[in-house]
Amino acid sequence: MGINIMSFGYYVPEQTLTNNDFTRFVETNDEWIRTRTGIVERRMAGWEPTWYMGAQASLKAIEKAGISPEDIGLIITTTVTSDFLTPSMASVIQDKVGAVNSAAFDLNAACTGFIYALDTARRFLATDDNLKYVLVVATEALSRFIDFNDRGSCILFGDGAAAVVVEKSDKLYASHLASDGSGASYLCARSLNIAPEVKIENGFDDGFTDNPLHKLYQNGKEVYKFATNVLPKSFNIIASKIGITKEDVDWFIPHQANVRIIETAAKKLGVSMDKFVVTLDHYGNTSSASIPLAFAEAVEDGRIKRGDKLALIGFGAGLTYGGIVMEY
Ligand code: COA
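This text gives an overview of the structure that appears in the document.

Thresholds applied
Residues numbered from 1 in each chain as written. Predicted model: local features only at pLDDT ≥ 70, side-chain atom pairs only at ≥ 80, totals over all residues. Heavy atoms only, no water. Helix = DSSP H or I, 4+ residues; strand = E, 2+ residues; numbered from the N terminus. Rg over C-alpha atoms; globule rule 2.2 N^0.38 Å. Contact = heavy atoms within 4.5 Å. Areas by Shrake-Rupley, 256 points an atom, 1.4 Å probe, with all protein chains shown as cover. Lys, Arg positive; Asp, Glu negative; His and termini not counted. Charge placed at Lys NZ, Arg CZ, Asp CG, Glu CD. Phe/Tyr/Trp six-rings, centres within 6.5 Å; stacked < 30°, edge-to-face > 60°. Lys NZ or Arg CZ within 6 Å of the ring centre and 35° of its normal. Near = heavy atom within 4 Å. Polar contact = N/O pair within 3.5 Å; in protein donor to acceptor, adjacent residues only side chain to side chain. Buried < 20%, exposed > 50% of the residue type's maximum accessible area, 1.4 Å probe, protein only. Pairing = 2+ DSSP bridges. Axes fitted to C-alpha atoms, helices over the stretch in contact; angles between N-to-C directions.

## Description of the overall build of the protein chain
Thinking step 1. Check the secondary structure of the protein chain and you find eight helices and 13 strands.
Thinking step 2. The C-alpha radius of gyration of the protein chain comes to 19 Å, within 12% of the 20 Å expected for a compact globule of 328 residues.
Thinking step 3. In the protein chain, once contacts between residues fewer than 6 apart in sequence are set aside, the share between residues at least 24 apart is 77%.
Thinking step 4. As displayed, the protein chain offers around 13400 Å² of accessible surface, 49% of which is attributable to carbon and sulfur atoms.
Thinking step 5. Taking the average location of the 31 positive side-chain charges in the protein chain and that of its 40 negative ones, the two points are 4 Å from each other.

Have a look at this one:
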């Protein structure tokens with residue numbers, strides 16, 4: 001059983017931060033950021049909480065799907081930047097959109113979150129005959145836990161949200177979900193309850209405990225290596241599962257972290273960059289929201305059409321990775 005993405009909705013914050021704006025915080029320049037990452041500008045949540053962006057994206061997706069919020073049976077929200085430790089963003093969004101008959105939970109698989117959530121939605125739809133519609137919402141406000149003193153990471157991220165309404169279908173669908181926890185310390189931020197002075201034996205001590213509480217730490221080089229490796233790997237695993245080749249795919253929608261990562265992966269796969277959807281130039285890396293934002297934009301501007309075969313591939317903290325090959 002596959003799924004049909006009935007509709008998209010998205011919301012990006014009003015405020016835009018250009019590369020030049022970062023010269024106020026760190027020693028950097030537009031040219032370095034453009035050539036090393038492909039990013040030109042990104043949105044930054046100001047007054048908008050994470051739940052608000054997710055709810056706005058959800059309301060648009062529900063309206064476009066032409067369904068009643070009461071018909072939604074499950075909401076899965078993906079985020080690494082929840083406004084609360086509890087309740088979940090999904091429960092807050094449930095209330096804001098009026099999905100009174102829905103179950104709701106958050107899923108944190110970092111930047112791979114949307115892949116994990118869409119696959120989870122499919123599994124729920126496949127096993128519950130009473131479930132008609134699932135709302136998957138990716139909403140992220142990374143600007144709230146970026147270290148604006150760290151020039152190697154603060155320039156990469158942006159904020160935004162995107163949502164989809166999905167239903168059962170017999171369209172092509174295959175997935176691959178994976179994680180390599182041995183790389184957990186390469187991309188991480190402490191939660192509220194562990195003070196930075198606490199040392200964990202064999203834990204996240206390496207270059208991490210000295211970082212400011214709740215701020216994102218990353219080892220850019222290790223993450224880069226990981227990303228350029230797993231992007232083609234994940235696609236090849238799915239392709240061999242269902243006996244397709246890269247030529248069968250109309251569009252690749254990768255996680256939007258760095259255009260050089262995408263270019264390297266494209267080269268490894270032997271696929272032209274023309275087949276890759278890239279939106280990181282204007283949104284930066286919006287973690288789990290990046291794939292659905294890119295997807296929504298390419299549908300809106302007419303690049304992706306109904307019937308197209310797509311490869312969605314994510315990677316991120318965890319280190320998690322995975323992909324979905326599906327028909328739109
Ligand atoms: N502006 C100017 N110079 C910068 C800079 C910035 N914003 N950030 C780093 N530099 C400097 C470094 O300090 C270093 O200077 P040095 O040679 O004097 O020490 C130099 O640029 C090269 O740094 P390096 O880390 O080798 O650059 P890089 O080409 O590896 O690019 C990243 C750095 C972070 C862009 C790259 O490693 C990357 O994209 N990694 C993956 C990160 C990612 O995608 N994370 C999220 C995954 S979900």
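What follows picks up the thread again.
## Let's talk about the packing of aromatic side chains
Thinking step 1. Applying the stated criterion across every chain yields a total of 13 aromatic pairs.
Thinking step 2. Ring plane angle 75 degrees and centroid distance 5.9 Å describe the contact between Trp51 and Tyr52, whose orientation is recorded as edge-to-face.
Thinking step 3. Linked through ring pairs, Tyr11, Trp47, Trp51 and Tyr52 together constitute an aromatic cluster.
Thinking step 4. We note Lys96 situated over the ring of Trp51; from NZ or CZ to the ring centre the distance is 4.9 Å.
Thinking step 5. The ring centre of Tyr328 lies 3.9 Å from the NZ or CZ of Arg306, which sits over that ring.

## Quick word on unusual backbone geometry
Thinking step 1. A cis amide bond links Thr86 to the next residue, Pro87, at an omega of 5 degrees.
Thinking step 2. Each neighbour pair has its own omega, and for Gly318 with Leu319 the value is -5 degrees, a cis peptide bond.
Thinking step 3. The topology assignment puts Leu319 in the loop between strand S12 (309-316) and strand S13 (320-327).
Thinking step 4. A positive phi angle, close to 50 degrees, is found at Ala110, a residue other than glycine.
Thinking step 5. Mapped onto the elements of the fold, Ala110 is located in the loop between strand S5 (103-107) and helix H4 (113-127).

## Description of the site of the ligand
Thinking step 1. The immediate surroundings of the ligand are formed by 24 residues, with Thr28, Arg36, Gln218, Lys221 and Asn258 found nearest.
Thinking step 2. At 2.9 Å, a backbone N or O of Arg151 approaches a nitrogen atom of the ligand.
Thinking step 3. Gln218 places a polar side-chain atom, nitrogen or oxygen, 2.8 Å from a nitrogen atom of the ligand.
Thinking step 4. Relative to its unbound accessible area of 970 Å², the ligand is 73% covered by the protein chains.

## Remarks on the pairing of S13
Thinking step 1. Burial analysis of S13 places seven of its eight residues in the buried class, the great majority of the element.
Thinking step 2. Inspection of the sheet shows strand S8 (residues 173-179) paired to S13 by seven bridges, in the antiparallel sense. Bridge pairing in S13 links Ala178 to Tyr321.
Thinking step 3. In the sheet, S12 pairs with S13 via eight bridges, with the strands oriented antiparallel. Bridging from a neighbouring strand, Ala311 pairs with Val325 of S13.
Thinking step 4. Two successive antiparallel strands, S12 and S13, enclose a turn made up of three residues, where Gly318 displays a positive phi of approximately 140 degrees.

## Here we look at the side chain of Thr37
Thinking step 1. When you line up the elements, Thr37 lands in helix H1 (residues 30-37).
Thinking step 2. The exposure class assigned to Thr37 is buried, which follows from its relative accessible area of 2%.
Thinking step 3. Side-chain polar atoms of Thr37 contact the backbone nitrogen of Ile39, separated by 3.0 Å.
Thinking step 4. Once residues lying within four places of it in the same chain are set aside, the contact partners of Thr37 are Ile155, Leu156, Asn258, Val259 and Leu280.

## With respect to the sheet that holds S13
The pairing of strands in a sheet comes from backbone hydrogen bonds and takes either a parallel or an antiparallel form.
Thinking step 1. Taking strand neighbours across the sheet as the criterion, the four strands line up as S8-S13-S12-S11 in an open arrangement whose pairing is mixed. Only two strands of the sheet have a single neighbouring strand rather than two, namely S8 and strand S11 (251-254). Neighbour to neighbour, the strand axes of the sheet diverge by 10 degrees on average, direction disregarded.
Thinking step 2. As paired elements, S11 and S12 share four bridges and run parallel to each other. Looking at S12, one finds that Ile253 is bridged to Leu312.
Thinking step 3. Its contacts with the sheet put helix H5 (residues 220-242) on S8, S11, S12 and S13, and the angle it makes with S13 is roughly 40 degrees.
Thinking step 4. Packing of helix H8 (residues 290-300) onto the sheet brings it into contact with S11 and S12, and relative to S12 it is tilted by some 155 degrees.

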